[in-house]
Amino acid sequence: MPQLGFGVWQVEDEQAFSAVGQALDAGYRSIDTAAIYGNEEGTGKALAASGIDRDELFVTTKLWNADQGHDATLRAFDTSLAKLGLEYVDLYLIHWPLPSKDTYIETYKAVEKLYADGRAKAIGVSNFLTEHLERLLGETSVVPAVNQIELHPQFQQAASRAFHARHNIVTEAWSPLGQGKGLLKDPTIAELAAKHGKTPAQVVLRWHLQLGNVVIPKSVTPSRIAENIDVFDFELDDADLSALAGLESGKRLGPDPATFDVA
Ligand code: NAD
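Looking up the protein chain in an unreviewed UniProt entry gives the name Aldo/keto reductase, with the organism given as Streptomyces nigrescens. As recorded by UniProt, the Sequence similarities (unreviewed entry) comment attached to the protein chain reads in full: "Belongs to the aldo/keto reductase family."

Following this line, the structure appears as structure tokens:
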């Protein structure tokens, strides 16, 4: 799985066609979409139009909450594949655990079937707290390859990252740039950007890469799409990393997976 990919949340279907096309031109090979984003068709068209070999691409999509449950999961997966115009996805994730519904175990068992059939080359979860992962590890067979969670310098998820490392689960960071809100204006990050001759977004993405996170920044602006992948020619030192460690706020930007139950 490429360590840096392109996310398309809040990108309209038609805009996804051009944004994903630009990302592929800029060198991204991993694309993160989801059924609920409503842009699997535009994403799939951009993949096809690129002419890039299928085995060079890494495509992730996600099962929406309303489709949890064994049979509904299998149907939703068929719909996603058809919209993407693909024969398989590289990674299929359960989008949220929905503990109040308590169907993530049977849902994951259906996802394991997709894995066994080779239609999802890897399977995993998103927004799972360690308590959900512990139950999953105890009651199902395939260790999730990935847990995609909110993670950025203001919400660093140290406990989840440590749990993932112990179980060989890849930590994938969503909203890696803090959704482009206050984080990119932080004076510590501005200082590091000046020090390295890079932008605040590049410093934040570099921090993720050095921590070992997979990242999927989103942008629909061509210059930013290119900027966000141009992060492989510099390195943060120990002092930079400890300055960034000090930005933890304990506050999420998104919903709390323990209570989020929108279907
Ligand atoms: P992000 O942290 O990637 O921030 C994106 C925003 O930051 C852009 O809309 C833009 O305003 C700004 N931005 C991007 N590049 C910039 C740059 N170089 N300079 C300045 N500003 C810049 O936020 P995101 O879209 O929430 O997260 C990325 C991806 O993660 C999503 O597109 C989606 O694929 C995934 N995601 C998953 C979940 C989940 O529940 N699994 C939730 C949210 C997002």
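Even without a glycine there, the phi angle at glutamine 10 is positive, about 65°. Residue asparagine 168 is not a glycine yet carries a positive backbone phi of 55°. Structurally, the position occupied by asparagine 168 is in the loop between α6 (158-166) and β7 (170-174). Judged by local crowding, asparagine 168 falls into the exposed class, with 9 C-beta atoms found within 10 Å.

The biggest cluster of nonpolar side chains holds 66 residues, and the ones touching the most others in it are Val8, Val20, Tyr92, Val111 and Val204. In terms of residue count, helix α1 (residues 13-26) provides more of this core than any other element does, six residues in total. Contact partners of tyrosine 92, with chain neighbours within four places excluded, come to Thr61, Leu63, Phe77, Val111, Leu114, Ala120 and Ile123.

On to the sheet that holds strand β3 (residues 58-63). The eight strands are arranged β1-β2-β3-β4-β5-β6-β7-β8 in an open sheet whose pairing can be described as parallel. Lying at the two open borders of the sheet, with one neighbouring strand each, are β1 (6-7) and β8 (214-215). Relative to β8, β7 is paired through two bridges, and the arrangement is parallel. Its bridge partner being in β8, glutamate 172 is matched across the sheet by valine 214.

Cut-offs and rules
Residues numbered from 1 in each chain as written. Predicted model: local features only at pLDDT ≥ 70, side-chain atom pairs only at ≥ 80, totals over all residues. UniProt positions renumbered as here; feature names shortened; annotations may be inferred. Helix = DSSP H or I, 4+ residues; strand = E, 2+ residues; numbered from the N terminus. Buried ≥ 20, exposed ≤ 12 C-beta atoms within 10 Å, placed from the backbone. Core = buried A, V, L, I, M, F, W, Y, C linked by C-beta atoms within 7 Å. Contact = placed C-beta atoms within 7 Å. Pairing = 2+ DSSP bridges.

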